[in-house]
There are 2 protein chains.
Amino acid sequence: MTPPEQQESLDPADWDEMRSLGHRMVDDAIAYLIGVRERPAWQAVPEETRALFRTPAPEAPSGAAAAYRDFVQNVLPYPTGNVHPRFWGWYMGNGTVLGALADFLASVLNSNLGGGSHAANLVEEQVVNWMKDIIGLPQESSGLLVSGGSMANFVGLAVARNAKAGFDVRELGLQAAGGQLIVYASSEVHSSVQKGIELLGMGNRSLRKVPVKGNYTIDLAALEAAIGTDRQAGCRPVCVVGNAGSINTGAIDDLVGLADICKRQRLWFHIDGAIGAVAMLAPSIRPLLAGIERADSVGLDLHKWIHMPFEAGCILVRDEEAHRRTFSLKPEYLARETRGLAAGAPWFSDYGLQLSREFRALKVWMSIKEHGLARFGRMIERNVEQARHFGRLVEDAPDLELMAPIGLDIVCFRFQPGGLADAALDALNKEILMRLHEGGIAVPSYTTLNGRYCLRIAIANHRSTFEDFESLAREVRRIGRELAR
Amino acid sequence: MTPPEQQESLDPADWDEMRSLGHRMVDDAIAYLIGVRERPAWQAVPEETRALFRTPAPEAPSGAAAAYRDFVQNVLPYPTGNVHPRFWGWYMGNGTVLGALADFLASVLNSNLGGGSHAANLVEEQVVNWMKDIIGLPQESSGLLVSGGSMANFVGLAVARNAKAGFDVRELGLQAAGGQLIVYASSEVHSSVQKGIELLGMGNRSLRKVPVKGNYTIDLAALEAAIGTDRQAGCRPVCVVGNAGSINTGAIDDLVGLADICKRQRLWFHIDGAIGAVAMLAPSIRPLLAGIERADSVGLDLHKWIHMPFEAGCILVRDEEAHRRTFSLKPEYLARETRGLAAGAPWFSDYGLQLSREFRALKVWMSIKEHGLARFGRMIERNVEQARHFGRLVEDAPDLELMAPIGLDIVCFRFQPGGLADAALDALNKEILMRLHEGGIAVPSYTTLNGRYCLRIAIANHRSTFEDFESLAREVRRIGRELAR
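(A) Examining the pairing of strand β8 (residues 313-317) of chain A more closely. Residues and elements named next belong to chain A. Counting buried positions over the 5 residues of β8 gives 5, a clear majority of the element. The two faces of β8 match: Gly 313, Ile 315 and Val 317 on one face and Cys 314 and Leu 316 on the other face are all buried. For strand β2 (residues 142-146) and β8, the ladder comprises 5 bridges, and the chain directions are antiparallel. Bridge assignment links Val 146 to a residue of β8, and that residue is Gly 313. The sheet contact formed by strand β7 (residues 297-301) and β8 spans 5 bridges and is antiparallel. Opposite Val 298, over in β8, you have Leu 316 as the bridge partner.

(B) The side chain of Gln354(B), seen in detail. You can see Gln354(B) is positioned in the loop between α11 (320-327) and α12 (361-396). Of the polar contacts made by the side chain of Gln354(B), one reaches the side chain of Glu311(A); its length is 2.8 Å. At 3.0 Å, the side chain of Gln354(B) forms a polar contact with the backbone oxygen of Ser356(B). If near-sequence neighbours (up to four positions away) are discounted, Gln354(B) is found in contact with Ser147(A), Ser150(A), Lys195(A), Glu311(A), Ser349(B) and Arg360(B).

(C) Structural context of the pattern of salt bridges. All names here are of chain A. Under the counting rule described, the total for this entry stands at 62 salt bridges over all chains. Arg 357 is the salt-bridge partner of Glu 124, the closest N and O atoms lying 2.6 Å from each other. In this pair, Glu 124 is assigned in helix α5 (residues 119-135) and Arg 357 in the loop between α11 (320-327) and α12 (361-396), connecting sequence segments 233 residues apart. Judged by relative accessible area, Arg 357 falls into the buried class, the value being 2%. Note that Arg 477 and Asp 399 form a salt bridge whose closest N and O atoms lie 2.7 Å from each other.

(D) Molecular detail of the nonpolar core. Counting residues in each nonpolar core, the largest one holds 275 residues, and the members touching the most others are Met366(A) and Met366(B). Once residues lying within four places of it in the same chain are set aside, the contact partners of Met366(B) are Met25(A), Ala67(A), Tyr68(A), Phe71(A), Leu98(B), Ala102(B) and Leu105(B). Counting residues in each nonpolar core, the second largest holds 70 residues, with Ala152(A), Cys239(A), Ile315(A) and Ala322(A) among its members.

(E) A look at the sheet that holds strand β2 (residues 142-146) of chain B. Residues and elements named next belong to chain B. If you trace the 7 strands from one edge of the open sheet to the other, you get β2-β8-β7-β6-β5-β3-β4, paired in mixed fashion. Both outer strands of the open sheet, β2 and β4 (207-210), are each paired with one neighbouring strand and no more. Pairwise comparison of adjacent strand axes, ignoring direction, gives a mean angle of 20° for this sheet. Bridge analysis of strand β3 (residues 181-186) against strand β5 (residues 236-243) gives 4 bridges, and the strand direction is parallel. Residue pairing across strands places Leu 181 opposite Arg 236, the latter belonging to β5. Strand contacts of helix α5 (residues 119-135): β2, β7 (297-301) and β8 (313-317), with the helix running at about 110° to β2, the strand carrying the most contacts.

(F) Spatial organisation of the environment of Leu449(B). Structurally, the position occupied by Leu449(B) is in strand β11 (residues 443-449). Other than its neighbours up to four places away in sequence, Leu449(B) contacts Tyr216(B), Asn248(B), Thr249(B), Met403(B), Ala404(B), Cys412(B) and Cys454(B).

(G) Highlighting the relation of the copies chain B and chain A. After a rotation of 180° and a shift along the axis of 0.0 Å, chain B superposes on chain A with an RMSD of 0.0 Å. Taken together, the rotation angle and the small translation identify this as a two-fold axis. A share of 100% of the interface residues of chain B reappears at the interface of chain A, consistent with the copies meeting face to face through the same patch.

(H) Quick look at the sheet that holds strand β10 (residues 410-415) of chain B. Residues and elements named next belong to chain B. Spatial strand order, β1-β11-β12-β10-β9: 5 strands in an open sheet with mixed pairing. Every other strand in the sheet has two partners, leaving β1 (87-88) and β9 (400-402) as the edge strands with one partner each. With 3 bridges connecting them, β9 and β10 associate as antiparallel partners. The residue of β10 that forms the bridge with Leu 402 is Phe 413.

(I) Representation of helix α10 (residues 255-265) of chain A within the structure. All names here are of chain A. For α10, every residue scored as buried is listed here: Leu 255, Gly 257, Leu 258, Ala 259, Ile 261, Cys 262 and Gln 265. Its buried side turned inward, α10 meets α9 (220-232), β5 (236-243) and β6 (268-273). Sitting at the amino-terminal end of α10 is Asp 254, which places a side-chain oxygen 3.3 Å from the backbone nitrogen of Val 256. Note on α10: the residue one or two positions beyond its end, Arg 266, has a positive phi of about 55°.

(J) Summary view of the packing of aromatic side chains. Residues and elements named next belong to chain A. Tallied over the full model, the rule gives 17 aromatic pairs over all chains. Joined through ring pairs, the aromatic side chains of Trp 88, Phe 390, Phe 413 and Phe 469 make up one cluster. Seen from the ring of Tyr 32, Arg 39 lies directly overhead, with NZ or CZ sitting 3.8 Å from the centre.

Reading the values: rules and limits
Residues numbered from 1 in each chain as written. Chains lettered and ligands numbered in written order. Predicted model: local features only at pLDDT ≥ 70, side-chain atom pairs only at ≥ 80, totals over all residues. Heavy atoms only, no water. Buried < 20%, exposed > 50% of the residue type's maximum accessible area, 1.4 Å probe, protein only. Helix = DSSP H or I, 4+ residues; strand = E, 2+ residues; numbered from the N terminus. Pairing = 2+ DSSP bridges. Polar contact = N/O pair within 3.5 Å; in protein donor to acceptor, adjacent residues only side chain to side chain. Contact = heavy atoms within 4.5 Å. Salt bridge = Lys/Arg side-chain N within 4 Å of Asp/Glu carboxyl O. Core = buried A, V, L, I, M, F, W, Y, C linked by side-chain atoms within 4.5 Å. Axes fitted to C-alpha atoms, helices over the stretch in contact; angles between N-to-C directions. Least-squares fit on C-alpha atoms with pLDDT ≥ 70 in both. Phe/Tyr/Trp six-rings, centres within 6.5 Å; stacked < 30°, edge-to-face > 60°. Lys NZ or Arg CZ within 6 Å of the ring centre and 35° of its normal.

What follows is the structure, encoded as structure tokens:
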């Protein structure tokens, strides 16, 4: 029998070499982050680099150092860009150094948080308990970290479906439904809610999109009217989804009003808080979220405004039993014990889709210890101030136009030189966006509001300065004027 | 306006300090892995340590070094244990150093693989293309990395449901189904398939568990008979799930036989290959998997036998259009462009539940370059040989009993001193397991086969030596004899 030290394995043949390589990676990463402001906010992958990604898998080893060289040359220069201080596209956080190092440690330990008696599960339990405190849900609630907002909404909707359908959905399936189950949300609801409803087998027809008011929050009267109409038509209302920060404009629905309606109508109240729920950490913003503590389930994202590296979402559910009853399955090979590794409670796999689960809790745990909650709150408040500051720059400029009320940290605007037809104005702003990206100047994204193309910035960025927004306003106007000529 | 260098952010106030801390983490991690064999395979978290995980979140910062100290003292000593050479519980890989470092790099870059034009998406595309080659699916197939086998099965089943239901499930929901949709699998199917079916709204009643033969593979005649009976009863068969390595015993269904039946019956053929699909890399094992290349979808797990740190699963789907039509949703804020960051194809979010997605492809990409495919194949072959070696040790020992045919790398056995009633024998073996865990000797897990409690080892371990299995046999017999006295 081969002695271990001579046996081929996936461990390095030379540990010292691997240690040096690890040090080099840390050095390079820190240099990369120190220099992030000096690099373009985005740049395209050149065609000759793209071609390198079309080769088949190597049969023979080339070693760790060579694999790292490929990364440094062909991947590192072409990130999505959300590490950059002038990236405000879609909705992403920057990440942090310690968050990334924690992901390394988590992968070294390589614990499986599906269940069992080991420390990583205790870390996740603590992190989830912290989230309950932040949102204002009771400690008896359940919850778990998930991949992100889409999965958080999926879990919340799954529990809502099973808890409110009125029959045993797990056993019988939706074929047994007397009438269509209905989930209500505003027309501004995130697409992940529709995706979740479709995957859960309810069908897009089960999603009732309720009109919004001028501030893009749900029209409560229209919601209650729709519920009544649906009941009369033989449908079965099950759930209302409230927005705590909508994707287009950062609008926060009247959560107290929604909680009242859900109570009156006996509906599950889920809140999509992927964008705004963590603003509970910011004392000046917290009042806008009043009512969130009355939700039956809240989805939140820590890789957005808490700047954890991808992925780190979270779902909280007030009714632990309803949550567990939706997901728990105990085949013989997963039977629980009271001693040994198979002991321990809760098993997180009883509360979500996954059985094996990575230790994403570690980066959250270490980062909250590193910074403390108050600093995260200040970062959030500064981004909101920056959104308002940029809004003032837009309003003060004769050729910029605000396209919606500013919600939290999201500003929708456009270049508006006057005298252009709608289609030409859309095309002009689209071209401005392309030039901002291609020039590496900044990364806004875009949306369409009332049929009009908008530039859109979502400022979940702990590296942005106020000057970055002055630069954005200046560059949009410069490019816009050049193009309009 | 505050200049950037004076502005509070989540970046370290002192980069040099963070660099030193990063080096220390690398040093500690490497020492931890070098010494892994000298530590217990598992140890319980002491009660005084558990208490530390019950404190509320700190408002004030304590800094990165203090957060790391907490990790080293209270988390690092109490892992799940799958890094250890004598961990063979459930089904997990060990992880690798470069895999963990790649997770660090991925989190530094913090790219979002939901979509867009940037290098990380090209890496994932390449990795998925490599997987198609390994499994033998055509390059025109689609696929993406997912959290693991549960999600891989979920995606495969979702596509199967929508492609074979015979009506527009996405729009109408399963309320519109004429009869119950039926998914077939052997009684040995993994619980994640049931969980997927339930979440997809089909209901547990839609899962038809077909009996197995003595070798724990699906009984093809019973399957085809069940399909016929269901059709006559007005149900709608949609999918057959084949096992490529069952969870209890590593059994591989007759995949050619299943492919023939699916073709004849016009059913979707999904393969749960979480355990065994990657054994396609091992020339001596590949023939056992014949037929896998005829599947409509294959789920596989790279955090199992390829030893990627959690999480790294993969789903491949032959019919790209059916895959995309199940998941793709394009709201206005995710509209695609032909230039800038919003260009690029495919967008992986069109093929799965998640919108934001972490860069899990990097560890796979770097590790395959590091080791080459052939070495992974050799590691797999050695584990299979070790299973057979341990099987011989069991058969040669008068008081050990093999409980099922050895499938791939999984051995089910028990201590059998003779003369004990069934219940006493179960209790004895359960106690042996507890003592193996609590003594830190080794981590087998357990299952129940034909009503009898078994010890079970699943050898996805690149650190195990043949001696480790001799040690296991010896220790089981030693503890067993002590207890039996």
